[in-house]
Amino acid sequence: MATILDGKAHADRMLETVRQGVEVRLAKGLRAPGLAVVLVGEDPASQVYVRNKSAACAKVGITSIEHRLPADTAQADLDALIDRLNADSGVDGILVQLPLPQGLDSKRALHRISPAKDVDGFHPVNQGLLLEGLPGLRPCTPSACMSLLAHHGVELKGIRAVVLGRSEIVGKPMALMLLEQHATVTIAHSRTKDLAGICREADLLVAAVGRPGLVEGSWIKPGAVVVDVGINRVEDEILGGRIFAQEPKKLDTLRTKGGVLCGDVRYGEAMAVASAVTPVPGGVGPLTIAGLLTNALAAANREV
Ligand code: NAD
């Protein structure tokens, strides 16, 4: 049976480090870090994320400044708000919650954020610094995954790592961070041939695809470490019956509640083959906010 890599416990450790860092600033007479969160429109999932971010900020002593704009906001008005936040000396980090409503260009908004305040690590300058292996603000989900792996002493040097998914926010930066730690990295994606065979070569398999239960137990090399970034809601009982065959509790929740959260990896099957696995929920999910607040403190301290 594999070890469960508890993301919630690690997120709490990361947040405690941030809280202590904020205290150090206050003891030096500096102000608390300020994180501006821009939410455009009424997307319910985004509202939940923003609420969670504000609550996490309050816990560690970061000042969270929310800016809510209507869904029909013009790009020029969003640009103007970002410009104001860039110029505001009380704001150390700026986060534009994605997705933006239709009609707004998210790349343009993200590129407008000052790289020094880009706590999501999505600005091309920060992505370029990561590519060069230089310090900069790095995307929160992959950097927090790296922190989790380091905490658990997972050896990366010389291993075969496979990253499933090539998004700008998870797959690509995760691959670069693993490469930086001397893993031999393969990035696999929707056009990859023989996905199962490639995954089976991985000592470390990171799944960031957004397809519930795509990775079967037979795709996992015995003893591999599996990091499941995917967060999916399954409501279809036929699909659930297939991917939760080894997880009767999940199947039960699906049947009684009409839906259940799961990752890209069939957790029950993975637990029987791998040496360590992140669960969903409770794995990578809680780490992302911890990574964000770590970046907000670093931006305030001008550490990157
Ligand atoms: P994305 O949609 O931008 O990218 C998905 C990637 O998966 C693409 O590169 C695509 O090529 C690949 N892909 C899609 N279908 C595939 C298939 N059948 N086989 C192989 N590859 C396939 O997604 P993303 O933003 O990187 O997010 C991926 C997942 O991670 C989602 O479930 C998302 O909700 C989750 N996520 C979680 C966190 C977190 O905090 N835990 C953060 C970000 C994203």
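Residues numbered from 1 in each chain as written. Predicted model: local features only at pLDDT ≥ 70, side-chain atom pairs only at ≥ 80, totals over all residues. Heavy atoms only, no water.

Concerning the nonpolar core
In plain terms, the rule: Only buried Ala, Val, Leu, Ile, Met, Phe, Trp, Tyr and Cys residues count toward a nonpolar core, and they belong to the same one when joined by side-chain atoms within 4.5 Å. A simple rule labels every residue: compare its accessible area, found with a 1.4 Å probe on the protein chains alone, to the largest value its type can have, and call it buried under 20%, exposed over 50%, or partly exposed in between. Secondary structure elements are defined from DSSP: runs of H or I of at least 4 residues count as helices, runs of E of at least 2 residues count as strands, and each element is numbered from the N terminus. Either an automatic procedure or a domain database provided the assignment from which the domain bounds are taken. Two residues form a contact once any of their heavy atoms are found within 4.5 Å.
Grouped together as the largest cluster of nonpolar side chains are 50 residues, with contacts concentrated most on Ile62, Leu178, Leu204 and Leu293. When residues in this core are grouped by element, the largest group, 7 residues, is from helix α12 (residues 285–300). Both of domain 1 (30–114) and domain 2 (140–285) provide at least three residues apiece to this core. Sequence-distant contacts of Leu204, defined by excluding residues within four places in its chain, comprise Leu149, Leu156, Ile159, Arg160, Ala161, Val162, Leu178, Val225 and Val227. Among the nonpolar cores identified, the runner-up in size contains 22 residues, and Val215, Trp219, Met271 and Ala274 belong to it.

Topic: the site of the ligand
Basically, it comes down to this: For this description, a residue counts as near a given molecule or strand if any of its non-hydrogen atoms is within 4 Å of it. For this analysis, a polar contact is any N or O atom pair within 3.5 Å, provided that within protein one partner can donate a hydrogen and the other can accept it, and provided that sequence-adjacent residues contribute only side-chain to side-chain pairs. Here, Shrake-Rupley sampling with a 1.4 Å probe gives the accessible areas, and only protein chains in the shown set may cover a residue.
Taken together, 21 residues lie near the ligand, and Arg166, Ser167, Val229, Ile231 and Thr288 sit nearest. Measuring from an oxygen atom of the ligand, one finds a backbone N or O atom of Arg166 at 2.8 Å. Gly285 places a polar main-chain atom, nitrogen or oxygen, 3.5 Å from a nitrogen atom of the ligand. For the ligand, whose accessible area on its own is 850 Å², the fraction buried by protein is 73%.

Here we look at the layout of surface pockets
Where we set the bar: Both site types are read off a 1 Å grid over the protein atoms alone. A 1.4 Å probe that fits but cannot get out defines a cavity, while an open set with protein on both sides within 12 Å along at least five of seven lines defines a pocket; lining residues have an atom within 4 Å of a point. Grid points are joined across faces, edges and corners, and a volume is the space filled by probe spheres set on the points.
Volume-wise, the largest pocket comes out at about 1400 Å³. Residue lining of the largest pocket: 47 residues in total, with Tyr49, Thr141, Ile231, Gly285 and Thr288 positioned closest to the centre. Within the residue set of the lining of the largest pocket, elements represented by two or more residues are α1 (7–27), α2 (44–60), β4 (93–96), α6 (140–151) and α12. With 8 residues, the single largest contributor to the lining of the largest pocket is α2. Split by domain, the residues of the lining of the largest pocket number at least three in each of domain 1 (30–114) and domain 2 (140–285).

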